[in-house]
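Below, each chain spelled out in residue letters.
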Amino acid sequence: MKRSGRGTSARWLTIYAVAYMVFLYAPVVLLPLFAFNDATVVAFPLSGFTTDWFAALWRTEALVDAVRNSLVVAVAAAVLATTLGASAARAAARYRFPGKGPVMGFIMLPLVLPEIIVAVALLVPIMQLGLSLSLWTVIAGHVLICIPFSIAILSSAFQGLDISLEEASLDLEESRWGTFRRVTLPLVMPGVISSLLICFTISLDEFMIAFFLTGTEVTLPVYIWSQLRFPTKLPSIMALGTLLLALSIVLLVVAEWLRRRAARRQGIEASAIGGLM
Amino acid sequence: MGLKLDREARSGLLLVGPTAIYAALMLAAPLFMIVTFSFWTQNYLDIDRTLTLANYRTAWSEPIYRVLMVRSLVISLIVTAVTVLLAFPIAYFLSFHVTRRKPLWLFLITVPFWTSYLIRVFLWKVILGFNGVLNTALLDLGLIDAPLTFILYNTNAVVLTLAHAWAAFAILPIFVALEKIDRSLLEAAEDLGDGPLRRFLRITLPLAMPGVVGATLIVLIPTMGDFITPRLVGGTEGMMIANMIQVQFGRANNAPLGAALAVSAMLVVGVVSLVIYLAGRKFGGRVR
């Protein structure tokens, strides 16, 4: 009796899970459908196949500029956040120091602050100091919100690191820098790359901070926001969204694969989300 | 305190230093400034630096701000409740029923959230619109005679869109909490004669509570600060406090009032979060 009871609840749960996945993927599936649809309105029924909307993207100068700006911001934010995140993650995993809990907690705070608070909090000093808004101000904001993600990813990499390997290297007369470069870095490299990719993806998609802190040069999400008002631009936006979706999936698959390979190499059991929790 | 520990502390502080300084400069100082700023006033083009509570009086007494604040909180709470309730069975399913390919399921759940947030929200507008995907499908199937209008440009649309936007953030913490539950406790409850429902209420739910509280806070706090979804799918009745903050910093050119609204919103959501956290601690975590 127990058995059959569990069977029906399992069946219902499976049905629910499938329905939920349909709900999750509904918008994502529509994106490529409309991107290749040969009509100027984003609505059903679909009228035919075209790649015109993708071709139109290359001819839009403002868009090409926005993509370039976004790439600059995302690369800079990813590199800076990963560097700062790595040193904090290493400090937390390897050393005991006074005030560790509060300091790490404060560094992780942007994870739970509403983005609009981070955005206006950064905007106020910039206005007061009379600084002009530029891509640099956006980068500063993105580094701030990317650091917690970087730490989350890298702390598992540093925790899994066997200290005796570094000690062995130091005992063998290798310098500190040499030890870092030849022992530590190769071992945490997959984590570092994974962090770079995740930070890059977050920055590329971040809207709220970019919206408040961007000057005349806009990033991609800010550009998309400005275009959503114009119905004729929508099919192009769908095409753009499709490309972004494809790019994000590729980056995420690579990041996830690297993270898992690193975890396997260090011999620790890693659930797919262990790093973020 | 020995020398060794001192050196260890120094190394640790040196290593965490740059990141901590960055957070202090880019987060602590700005947060301090925005609080100070909220006590100043906008005097046409200049900022009057006399400390005053005027902005807070306006923010808490004028009906428009009060209405927006209350509505934002109510919408955020509804969104959070819907999101967490929808997410719990999925987390449960993943933890207790999926045996093979668990990482793949988790990956599939996170993929939609790494796509452009703006475009995802906009696609809900396409789905829910008057000539939208949902209405067209229902009309074609003959289930309705006229397009449904109660699904876009109102609170329902905001709730649905945000429940979708934050799904993964609700599922993952609950899943982690469920994974930690010692399965032998469940067997013990069963052996002692608890039925599935009783067992769930007495063992699974209390032990999953930290995850549920985590999910609740992760969804609630950022939702209070969102202005994209209200703007795109909310219509006038779906407008939230973040939209007003944005207006004050932009068109209305009253940044100090915007700052006061932002600080007030933070306080409100902070207090509510604290209550939820304490309630979760009180009612969960122990097996009764």
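Since we're looking at a predicted model, the values are computed, not measured.

On a plain count of helices and strands, chain A comes out with 11 helices and 0 strands. With respect to the principal axes defined by its C-alpha atoms, chain A has extents near 75 × 70 × 30 Å. Of all 277 residues assigned to chain A, the portion counted as buried reaches 52%. A separation threshold of at least 6 residues defines the contact pool for chain A, and within that pool the share at least 24 residues apart is 72%. Carbon and sulfur atoms make up 67% of the accessible area of chain A, which totals about 13200 Å². If the 20 positive side-chain charges of chain A are averaged to one point and the 16 negative ones to another, these points end up 10 Å apart.

Scanning chain B from terminus to terminus reveals 13 helices and 2 strands. Taken against the 2.2 N^0.38 rule, which gives 19 Å for 288 residues, the C-alpha radius of gyration of chain B at 24 Å runs more than 25% over that of a compact globule. By its C-alpha atoms, chain B is 80 × 70 × 35 Å across when sized along the principal axes. Each of the 288 residues in chain B was classed as buried or not, and the buried ones make up 51%. Taking as baseline every contact in chain B between residues at least 6 positions apart, the subset at least 24 positions apart corresponds to 69%. Working note: accessible area of chain B is about 13800 Å², and carbon and sulfur atoms make up 67% of it. Looking at chain B, you have 23 positive and 15 negative side-chain charges, and the mean spots of the two groups are 4 Å apart.

A few words on the nonpolar core. Judged by nonpolar contacts, the single largest core of 177 residues is most densely connected at A:Ile116, A:Ile224 and B:Phe249. Taken together, domain 1 (1-30) and domain 2 (56-283) of chain B each give at least three residues to this core, which thus spans both.

This part takes up the domain arrangement of chain B. What the domain assignment lists for chain B is domain 1 (1-30) and domain 2 (56-283). Computed over C-alpha atoms, the centres of domain 1 of chain B and domain 2 of chain B are 36 Å apart.

Take the state of the cysteines next. Residue and element names in this part refer to chain A. Tallied over the entire structure, the rule returns 0 disulfides over all chains. Between cysteine 146, a free cysteine, and cysteine 199, which holds the nearest cysteine sulfur, the sulfur-to-sulfur gap is 4.3 Å. Residue class for cysteine 146 comes out buried when judged on its relative accessible area of 0%.

To continue, consider the interface of chain B and chain A. In this assembly, 83 residues from chain B lie in contact with 81 residues from chain A. Between chain B and chain A, the buried area comes to about 7300 Å², and carbon and sulfur atoms account for 84% of it. At the boundary of chain B with chain A, the tally comes to 1 salt bridge. Between B:Glu8 and A:Arg96 there is a salt bridge, with the nearest N and O atoms lying 3.8 Å from each other. Where chain B touches chain A, the interface holds 10 residue pairs in polar contact (both at pLDDT 80 or more). Of all the elements, helix 1 (residues 3-37) of chain B adds the most residues to the side of chain B that touches chain A, at 22 residues.

To continue, consider helix 5 (residues 117-128) of chain B. Residues and elements named next belong to chain B. Compared with the 16 Å implied by 1.5 Å per residue over 12 residues, the 17 Å span of helix 5 between its first and last C-alpha is a close match. Across the 12 residues that make up helix 5, a large majority, 11, are buried. Taken residue by residue, helix 5 has Tyr117, Leu118, Ile119, Arg120, Val121, Phe122, Leu123, Trp124, Val126, Ile127 and Leu128 as its buried positions.

A separate point is the packing of aromatic side chains. Going through the model one piece at a time under the given rule, you end up with 22 aromatic pairs over all chains. Between the aromatic rings of B:Tyr92 and B:Phe96, the centroid separation amounts to 4.6 Å while the plane-to-plane angle is 25 degrees, which identifies the pairing as stacked. Residue B:Tyr92 and its partner B:Phe96 are located together in helix 3 (residues 63-96), separated by 4 residues, close to a single helical turn. B:Phe96 sits in the partly exposed class, given a relative accessible area of 21%. What links up through ring pairs into an aromatic cluster is the set A:Phe207, A:Phe211, A:Phe212, A:Trp225, B:Phe227 and B:Phe249.

As a further point, take the pattern of salt bridges. Scanning the entire structure with this criterion turns up 6 salt bridges over all chains. Each of A:Arg90, A:Arg94 and A:Glu166 takes part in one network of salt bridges that share partners.

Take the environment of B:Met209 next. Residue and element names in this part refer to chain B. Here methionine 209 shows up in helix 10 (residues 196-224). Residue classification places methionine 209 among the partly exposed residues on the basis of a relative accessible area of 22%. Residues methionine 209 and leucine 178 lie 31 residues apart in sequence; the distance between their C-alpha atoms is 9.1 Å.

With that settled, the discussion passes to helix 8 (residues 176-205) of chain A. Over its 30 residues, helix 8 of chain A extends only 38 Å from the first C-alpha to the last, a length that falls short of the 44 Å expected when each residue adds 1.5 Å. At A:Leu185, helix 8 of chain A shows its maximal kink, close to 55 degrees; a proline, A:Pro186, follows between one and four residues later.

Residues and elements named next belong to chain B. Looking at the secondary structure, you find serine 95 in helix 3. In this structure serine 95 comes out as buried when scored by relative accessible area, which is 5%. Other than its neighbours up to four places away in sequence, serine 95 contacts Lys102, Phe175, Leu178, Glu179 and Arg183.

Quick look at the confidence of the model for chain A now. The predicted coordinates should not be examined in detail at positions where pLDDT is low. Residue and element names in this part refer to chain A. Mean pLDDT over chain A stands at 82; residues scoring 70 or higher make up 91%. At the level of individual helices and strands, chain A shows its lowest average pLDDT in helix 1 (residues 2-35), which scores 80, and its highest in helix 3 (residues 61-94), which scores 90. For the stretch residues 269-277, pLDDT sits under 50, and the model shows 17 contacts to residues farther than four places along the chain or on other chains.

This next bit is on the confidence of the model for chain B. When pLDDT is averaged across chain B, the result is 84; 96% of the residues are at 70 or more. Per-residue pLDDT, averaged within each element of chain B, yields its smallest value for strand 2 (residues 46-48) of chain B (75) and its largest for helix 3 of chain B (90).

Inspection of the secondary structure puts A:Leu13 in helix 1. For A:Leu13, a relative accessible area of 13% corresponds to the buried category. Through-space distance from the C-alpha of A:Leu13 to that of A:Gly130 is 57 Å; in sequence the pair is 117 residues apart. Here A:Leu13 is in contact with B:Pro89, B:Tyr92, B:Phe93 and B:His97, once residues within four sequence places are set aside.

Here we take up the packing of helix 3 of chain A against helix 6 (residues 135-159) of chain A. Residues and elements named next belong to chain A. In contact at an axis separation of 5 Å, helix 3 and helix 6 are set at 40 degrees when each is read in the N-to-C sense. As far as their axial angle goes, helix 6 and helix 3 are oblique. Between helix 3 and helix 6 lies a crossing whose hand is right-handed. Grouping the constituent residues of the contact of helix 3 with helix 6 by class yields 19 nonpolar, 7 polar and 1 charged.

Take the environment of A:Arg260 next. Its location among the elements puts A:Arg260 in helix 11 (residues 234-265). Sequence separation between A:Arg260 and A:Ile145 is 115 residues; the distance between their C-alpha atoms is 24 Å.

Conventions used here
Each chain has its residues counted from 1, running along the sequence as written. Each chain takes a letter, starting from A, and each ligand takes a number, starting from 1, following the order in which they are written. Whole-chain, interface and lining totals are the exception, using all residues; otherwise, since this is a predicted model, local features are given only for residues with pLDDT of at least 70 and side-chain atom pairs are given and counted only at 80 or more. Where side-chain values are given, they derive from all heavy atoms of the structure, hydrogens and water being excluded. Elements are defined by DSSP. Helices are runs of H or I of four residues or more, strands are runs of E of two residues or more, and each kind is numbered from the N terminus. Summary of the burial criterion: residues with accessible area below 20% of their type's maximum are buried, those above 50% are exposed, and those between are partly exposed, where the area comes from a 1.4 Å probe applied to protein chains only. Any two residues having at least one pair of non-hydrogen atoms within 4.5 Å are treated as being in contact. To be clear on the numbers: accessible area is Shrake-Rupley with a 1.4 Å probe, and residue cover counts the displayed protein chains and nothing else. Note on charges: Lys and Arg go in the positive column, Asp and Glu in the negative column, and His and the chain ends are not counted at all. Just so you know, the charge point we use is NZ for Lys, CZ for Arg, CG for Asp and CD for Glu. Only C-alpha atoms enter the radius of gyration, while the globule expectation follows 2.2 Å times N to the 0.38, with N the number of residues. Nonpolar cores were defined as sets of buried Ala, Val, Leu, Ile, Met, Phe, Trp, Tyr and Cys residues, with membership established by side-chain atoms within 4.5 Å. What counts as a domain boundary in this text is fixed by an automatic or database domain assignment. Note on terminology: pairs of cysteine sulfur atoms within 2.5 Å are recorded as disulfides. Put simply, buried area is how much 1.4 Å-probe accessible surface two parts lose in total, over both of them, once they are put together. Basic side-chain nitrogens of Lys or Arg form a salt bridge, by our definition, when they fall within 4 Å of a carboxyl oxygen of Asp or Glu. Side-chain atoms alone can form a polar contact between residues adjacent in sequence; in general such a contact is a pair of N or O atoms within 3.5 Å, and within protein one must be able to donate a hydrogen while the other accepts it. Helices are assigned an expected span. That span is 1.5 Å times one less than the residue count. Planes of paired rings set the category: under 30 degrees apart is stacked, over 60 is edge-to-face and the rest tilted, where pairs are Phe, Tyr or Trp rings (Trp by its six-membered ring) whose centres lie within 6.5 Å. Fitting one axis to the seven residues ending at a residue and another to the seven starting there, the bend at that residue is the angle between the two axes. Scored from 0 to 100, pLDDT reflects the predictor's confidence in each residue. All axes are obtained by fitting lines to C-alpha atoms, using only the stretch in contact for helices, and the reported angles, taken between N-to-C directions, cover 0 to 180 degrees. An angle below 35 degrees is read as roughly parallel, one above 145 as roughly antiparallel, one from 65 to 115 as roughly perpendicular, and any other as oblique. Each helix crossing is assigned a hand: it is left-handed if the near helix lies turned anticlockwise from the far helix by less than a right angle, otherwise right-handed if that turn is clockwise. Residues are sorted three ways: Asp, Glu, Lys and Arg are charged, Ala, Val, Leu, Ile, Met, Phe, Trp, Tyr, Cys and Pro are nonpolar, and all the rest, Gly among them, are polar.

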